[in-house]
Amino acid sequence: MESIFHEKQEGSLCAQHCLNNLLQGEYFSPVELSSIAHQLDEEERMRMAEGGVTSEDYRTFLQQPSGNMDDSGFFSIQVISNALKVWGLELILFNSPEYQRLRIDPINERSFICNYKEHWFTVRKLGKQWFNLNSLLTGPELISDTYLALFLAQLQQEGYSIFVVKGDLPDCEADQLLQMIRVQQMHRPKLIGEELAQLKEQRVQKTDLERVLEANDGSGMLDEDEEDLQRALALSRQEIDMEDEEADLRRAIQLSMQGTSRIVSQDIPQTSGTHLTSEELRKRREAYFEKVKETL
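What you are looking at is a predicted structure, and each value in this text was computed from that prediction instead of being measured.

Scanning the chain from N- to C-terminus turns up 10 helices and 6 strands. The burial tally for the chain puts 32% of its 296 residues in the buried class.

Next comes the structure, spelled out in structure tokens:
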């Protein structure tokens, strides 16, 4: 497949890519095709002038843009046809009654040029196999003999005009090499737009990941870290409560060691360190150890 010449889409230069992929080399440039277009425009102007340079039709013609090219790089079928005449090649409309009456099996042809709106591309036989050399693809697409007729019929259904290329194509390395070997294609080439969209999506995902990682290294935190923080704060609050409880328990133990039977006179005001009975002390101690177990 590496020996196959395949120009990929640049701007709107699909006519140039179509011709060069057909001829298997850099045969035409935008400058050369523009020259052919200007020549066609001049021939049309001279024909219109035959009706009189002062006529309304002639003045209207001069005001109209070229029908053979535009600033985007589009070129008409007339430009493509004239460019191929340089190489002794002719275009015949595939679905014309004249051609259909010949009942030629497509696999017995050598190449086709397909057009829809302003896009042109080549389908060509190299060696013993057919290839879709559409410049919108990332590479040549192998087409089996059995699928070729169906592929062309599908293009016609989609509104494509198909032209059969008649004449002897220039020799090329790919044709010579593929006469001796057959290629296999495991994966169909993608449309250039699909590949760019996939690469863009991968870049966006990578950027999002880097942004999250940067935020995590700085002041931001991932959701898991936030959950860990909440758990840590809850535990710290429990520990503070336990420390308060433990302080109360220590005070109670101190007081109990001074004697639980000591009677406090009712006329003496009691402090916040309330005296506990041995039973109350036991319950407080059990509650304390239960809380300790829960945190382990």
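Another point: the sheet that holds strand β2 (residues 111-116). In any sheet, the strands associate via hydrogen bonds between backbone groups, in a parallel or an antiparallel arrangement. Taken in spatial order, the 6 strands of this open sheet run β1-β6-β2-β3-β4-β5, and their pairing is antiparallel. With one partner strand each, in any of the chains shown, β1 (90-93) and β5 (141-143) form the two edges of the open sheet. When the angles between neighbouring strand axes are averaged without regard to direction, this sheet yields 30 degrees. Alignment of β2 against strand β6 (residues 161-166), held across 4 bridges, turns out to be antiparallel. Bridging from a neighbouring strand, Asn115 pairs with Ser161 of β6. Its contacts with the sheet put helix α1 (residues 14-23) on β2, β3 (119-126) and β6, and the angle it makes with β3 is roughly 5 degrees.

To find leftover empty space, one rolls a probe the size of a water molecule over the atoms. In this structure, the largest pocket encloses a volume near 270 Å³. Taken together, 17 residues make up the lining of the largest pocket; nearest its centre are Asn132, Asn134, Phe151, Leu155 and Arg188. Within the residue set of the lining of the largest pocket, elements represented by two or more residues are β3, β5 and α6 (145-157). Broken down by element, the lining of the largest pocket gets its largest block of residues, 4 residues, from α6. Of the residues contributing to the lining of the largest pocket, the split by class is 10 nonpolar, 4 polar and 3 charged. Approximately 190 Å³ is the volume attributed to the second largest pocket. In this structure, the second largest pocket is lined by His38, Asp41, Glu42, Glu44, Arg45, Phe61, Leu62, Gln64, Pro65, Ser66 and Gly67. Ranked by residues supplied to the lining of the second largest pocket, first place goes to helix α2 (residues 30-49) with 5 residues. Its residues assigned to classes, the lining of the second largest pocket comprises 3 nonpolar, 4 polar and 4 charged.

Among the structural elements, His17 can be located in helix α1. Under the relative-accessibility criterion, His17 is labelled buried at 1%. One polar contact links the side chain of His17 to the main-chain amide nitrogen of Glu10, over a distance of 3.1 Å. Leaving out residues up to four positions away in the same chain, His17 has contacts with Glu7, Lys8, Gln9, Glu10 and Ser135.

For the pair α2 and helix α3 (residues 56-63), the least separation of the axes is 9 Å and the interaxial angle reads 160 degrees. On the basis of their axis angle, the class for α2 and α3 is roughly antiparallel. Here the hand of the crossing between α2 and α3 comes out left-handed. Listed contacts from α3 to Asp41, Glu44, Arg45, Met48 and Ala49 of α2 are Asp57, Tyr58, Phe61 and Leu62.

The rules we used
Residues numbered from 1 in each chain as written. Predicted model: local features only at pLDDT ≥ 70, side-chain atom pairs only at ≥ 80, totals over all residues. Heavy atoms only, no water. Helix = DSSP H or I, 4+ residues; strand = E, 2+ residues; numbered from the N terminus. Buried < 20%, exposed > 50% of the residue type's maximum accessible area, 1.4 Å probe, protein only. Pairing = 2+ DSSP bridges. Axes fitted to C-alpha atoms, helices over the stretch in contact; angles between N-to-C directions. Contact = heavy atoms within 4.5 Å. 1 Å grid on protein atoms, 1.4 Å probe; cavity = no way out; pocket = protein on both sides within 12 Å on 5 of 7 lines; lining within 4 Å. Points joined across faces, edges and corners; volume = space filled by probe spheres on them. Nonpolar A, V, L, I, M, F, W, Y, C, P; charged D, E, K, R; others polar. Polar contact = N/O pair within 3.5 Å; in protein donor to acceptor, adjacent residues only side chain to side chain. Parallel < 35°, antiparallel > 145°, perpendicular 65-115°, else oblique. Left-handed = near helix turned anticlockwise from the far one by under 90°.

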